Amino acid sequence: MALNLSLAVHPYAWTQPLRDGRVEPEGVNLSAVNYPNPVRFSRMVRDLEFDACELSMGTYLATRRDVDRFPFTAIPVFPFRKFRHAYMYVREGAGIDSVADLSGARVGIVNWQTTTGIWQRGTLADRHGLDLGSVEWVAGGSEIVDIDVPERFDVEYVGHQGSTIGLLEDMIERGEIDAIFHPVDAGIENARRLFDDAKGVEQTYYRETGIFPIMHAIVVRDDVLAEHPWVVQPLYDAFERAKEIGLTALERPRELPLVWADVYADEQRAVLGEDPWEYGLTDDNVTAVETLAGYARDQGVAAERYDADDLFATDHLDTDYYA
């Protein structure tokens, strides 16, 4: 008899085959649902509502300090990645023309543990020399997992979880903050990107680091893993097959709603290779995970600088997939 599992995951092109039944994990009857960020995260963290769930890596790292309270473990499936340089916006007239000008500025963020912000702050400190303690951080939303932000960081909380984006955008339009580190393309009328050539900066970042930033991972409840440890392999395999189907869209760029889809597809392959969305604990993924974990520790989100091997359930995963 197949194991019944609920899965909360966004319907990306590379996960949709799991939702519509084109891909079925062997031995598993999968029931897929979707809730928006951060609702999905909160429902998993607070209520363990799903057997498996797409979870923010920042939130996951925050939960590792108390695994009894948060009894779930990630598998090395990363359904969402995003370069983050293009999502840093500065208000016109704020006098911010470079990263150095952020010192002393008021910068809006979703919350302190959001993966977007961890990557953005860590990258600016690590690669551009920004003293994160010199910035006034304005969090538009509450934390999903309680954390103690180190005293060296100036963080003001001005809203609650449901108010985050709209509140910050209103604040920048009124001139109450100087910048927003956004999770999505903002399109704010009186703001521009911190990096004018954001795509070029991101491509240089990738060439120099090999990092395509990991944003989310799939977590599985520990009681499921304890009772059915074999389930890791079929889940991993199913996500891999779904991703392969999703990537076939790049072989038919005329079907994509992009004017220069062929050019974009060729450029992506030239920079990132055939499968930049790779799963498993490959060398590049370990680098990305451990870089994020280091940033999270430096910023007080994570309790320690976790090794990738300590964060993922791989005992029952074929080593060919992650060696």
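If you're wondering where the values come from, they're calculated on a predicted model, not measured in any experiment.

Participant: With reference to specific residues and values, describe empty space enclosed by the protein.
Facilitator: Summed over all chains, the structure comprises 1 cavity of 30 Å³ or more. For the largest cavity, the calculated volume is near 50 Å³. Every residue along the wall of the largest cavity is listed here: R84, H85, M88, W119, Q120, T123, Y205 and P213. Ranked by residue count, the leading element in the lining of the largest cavity is helix α4 (residues 115–128), at 3 residues.

Participant: Tell me about the packing of helix α6 (residues 198–209) against helix α9 (residues 261–272), and please be specific about residues and values.
Facilitator: Their axes nearest at 10 Å, the elements α6 and α9 cross at an angle of 30°. Taken as axis vectors, α6 and α9 run roughly parallel relative to one another. Counting all contacts with α6, which are made through K199, Q203, Y206 and R207, the residues of α9 involved are E267, V271 and L272. Partitioned by chemical class, the residues of the contact of α6 with α9 number 3 nonpolar, 1 polar and 3 charged.

Participant: Explain the sheet that holds strand β4 (residues 72–81) to me, and be specific about the residues and the numbers.
Facilitator: On the basis of which strands lie adjacent, the open sheet formed by 5 strands has the order β2-β1-β3-β11-β4 and mixed pairing. At either margin of the open sheet sits one strand with a lone partner, and together these are β2 (28–33) and β4. Strand after strand, the sheet turns through a mean of 30° between neighbouring axes, direction not considered. Looking at chain direction, strand β1 (residues 3–8) and β2 are connected through 6 bridges and run parallel. Bridge assignment links S6 to a residue of β2, and that residue is S31. Sitting on the sheet, helix α2 (residues 39–47) is in contact with β1, β3 (52–56), β4 and β11 (214–221), with an inclination near 115° to β3. Most of the contacts of helix α10 (residues 283–298) go to β11, to which it runs at about 90°, and overall it touches β4 and β11.

Participant: Tell me about the pattern of salt bridges, and name the residues and values.
Facilitator: Counted under the stated rule, the structure contains 19 salt bridges. In this structure, the salt-bridge partner of E136 is R106, at a minimum N-O distance of 3.5 Å. With a gap of 30 residues between them, E136 in strand β7 (residues 136–139) and R106 in strand β6 (residues 106–109) connect regions that are remote in the sequence. Residue class for E136 comes out partly exposed when judged on its relative accessible area of 31%. As a salt-bridge pair, E240 and K243 come within 3.0 Å of each other at their nearest N and O atoms.

Participant: Before we move on, can you summarise the sheet that holds β7 with the specific residues and values?
Facilitator: Read across the open sheet, the 6 strands follow the order β8-β7-β6-β9-β5-β10; overall the sheet is mixed. Of all strands in the sheet, those bounded by a partner on one side alone are β8 (154–157) and β10 (191–193). When strand polarity is set aside, the average angle formed by the axes of neighbouring strands in this sheet is 30°. One ladder, built from 3 bridges, connects strand β5 (residues 88–91) with β10; its direction is antiparallel. Residue pairing for β10: Y89 is matched across the bridge by R193.

Reading the values: rules and limits
Residues numbered from 1 in each chain as written. Predicted model: local features only at pLDDT ≥ 70, side-chain atom pairs only at ≥ 80, totals over all residues. Heavy atoms only, no water. 1 Å grid on protein atoms, 1.4 Å probe; cavity = no way out; pocket = protein on both sides within 12 Å on 5 of 7 lines; lining within 4 Å. Points joined across faces, edges and corners; volume = space filled by probe spheres on them. Helix = DSSP H or I, 4+ residues; strand = E, 2+ residues; numbered from the N terminus. Axes fitted to C-alpha atoms, helices over the stretch in contact; angles between N-to-C directions. Parallel < 35°, antiparallel > 145°, perpendicular 65-115°, else oblique. Contact = heavy atoms within 4.5 Å. Nonpolar A, V, L, I, M, F, W, Y, C, P; charged D, E, K, R; others polar. Pairing = 2+ DSSP bridges. Salt bridge = Lys/Arg side-chain N within 4 Å of Asp/Glu carboxyl O. Buried < 20%, exposed > 50% of the residue type's maximum accessible area, 1.4 Å probe, protein only.

Fair warning: the whole summary comes from geometry, so function is off the table for now.
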